[in-house]
Amino acid sequence: MLVENPGPESRLVVGEAPAPLCGPGDLRIRVAAFGVNRADLMQRRGLYPPPPGAPELLGLECAGTVAEVGAQVSGWSPGQRVMALLPGGGYAAEAVVDAGSALPVPARLSLEEAAAVPEVFLTVFLNVFVLARLPERGALLVHGGGSGVGTAAIQLARAAGAKALTTAGSDPKCARCLELGAALALNYRELGQGGFAEAVRGATQGRGVDVVLDHIGAAYLEQNLAALRSGGRLVLIGLMGGAKAQINLGRLLSRRLQLIGSTLRALSSARKAELAAGFLRRFGAALEAGGIRPVLDRVLPLPQVAEAHEAMAQSLHFGKIVVRV
């Protein structure tokens, strides 16, 4: 899928691009399906360029079968089912990825389901468990509980013995978050003057949560800090609600709060390999057993990828949108 006229008036069209080269440490994947992420929408508008050396094509995750194994790669062979975290290039019939960013597909998952795993589950693992160190029996607040990241966060928190609280944009989405295992789901469109911070503190007996995972940014900053317990950590992974806000640094000092900014895409291949291995060590058994699994909202054929983008732009989905190649 190529982007014509990048920017606000961009169009997605089926076309041809040179086949990516498979280096000695890489895998070439014959792509069966790829996940759609909000970062893809930003990139086609020119707001989220790929990091240096990454493919210009959209696509941060895919699943399929191994077509070629680099000379220095062990543990993989042609024909194996694979899912992978990509720096770009997933919207295509073939993708090449550093072997450290590839994961085996559990037998329980279809390739379409597997395409919905790498970006969101590794995003949650990095930010909630590695950077923010969510404790066992701790409490996590994740915004956008009906998103791919939100549905992954609810499940991983539950699997880790922690409690997930979430916000979502409608009562039906809140109900589905609760079905998925959330301890509290708040419709942010119907909150009163105290907002979600007051409700979260009420649900935690006034203590607050250990970690907040936020993609909104400026619009939620004050409430996010108010929702944290003393010593809590706010991890910022997006700026949908603005990039600039005033902050009371005295609150950070007196309550020993931490504000962490994080992006997954720009990490080095070595760091992503560590992340993938760590995820499998901690949650691989649960993924194999079906204790955690991606939530698919819809699977669309390749020519309908623009429809997939429109559904995501309007937040019409619950879980992940996947495109079949």
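All of the points below concern the structure found in this document. (Residues numbered from 1 in each chain as written. Predicted model: local features only at pLDDT ≥ 70, side-chain atom pairs only at ≥ 80, totals over all residues. Heavy atoms only, no water.)

What follows deals with the sheet that holds strand E11 (residues 209-214). Spatially, the six strands line up as an open sheet ordered E10-E9-E8-E11-E12-E13, and their pairing is parallel. Unpaired on one side and paired on the other, strand E10 (184-187) and strand E13 (258-261) mark the two borders of the sheet. Strand after strand, the sheet turns through a mean of 15° between neighbouring axes, direction not considered. In the sheet, strand E12 (residues 228-236) pairs with E13 via four bridges, with the strands oriented parallel. Paired with Leu-236 across the strands is Gly-261, a residue of E13. Here helix H5 (residues 171-180) sits on the sheet in contact with strand E9 (163-168) and E10, set at roughly 170° to E10. (Pairing = 2+ DSSP bridges. Helix = DSSP H or I, 4+ residues; strand = E, 2+ residues; numbered from the N terminus. Axes fitted to C-alpha atoms, helices over the stretch in contact; angles between N-to-C directions. Contact = heavy atoms within 4.5 Å.)

Scanning the model with the defined rule gives zero disulfides in all. Between Cys-22, a cysteine without a disulfide, and Cys-62, which holds the nearest cysteine sulfur, the sulfur-to-sulfur distance is 13 Å. Its relative accessible area of 0% is what places Cys-62 among the buried residues. (Disulfide = S-S within 2.5 Å. Buried < 20%, exposed > 50% of the residue type's maximum accessible area, 1.4 Å probe, protein only.)

Our next topic: unusual backbone geometry. In terms of backbone geometry, most residues other than glycine have negative phi values and most peptide bonds are trans. Positive phi, normally seen in glycine, also occurs at Arg-133, with a value near 55°. Within the secondary structure, Arg-133 is located in the loop between helix H3 (118-131) and strand E8 (139-142). For Arg-133, a relative accessible area of 45% corresponds to the partly exposed category. With phi around 55°, Arg-256 is a residue other than glycine that occupies positive phi space. With respect to the helices and strands, the residue Arg-256 is situated in the loop between helix H8 (249-255) and E13.

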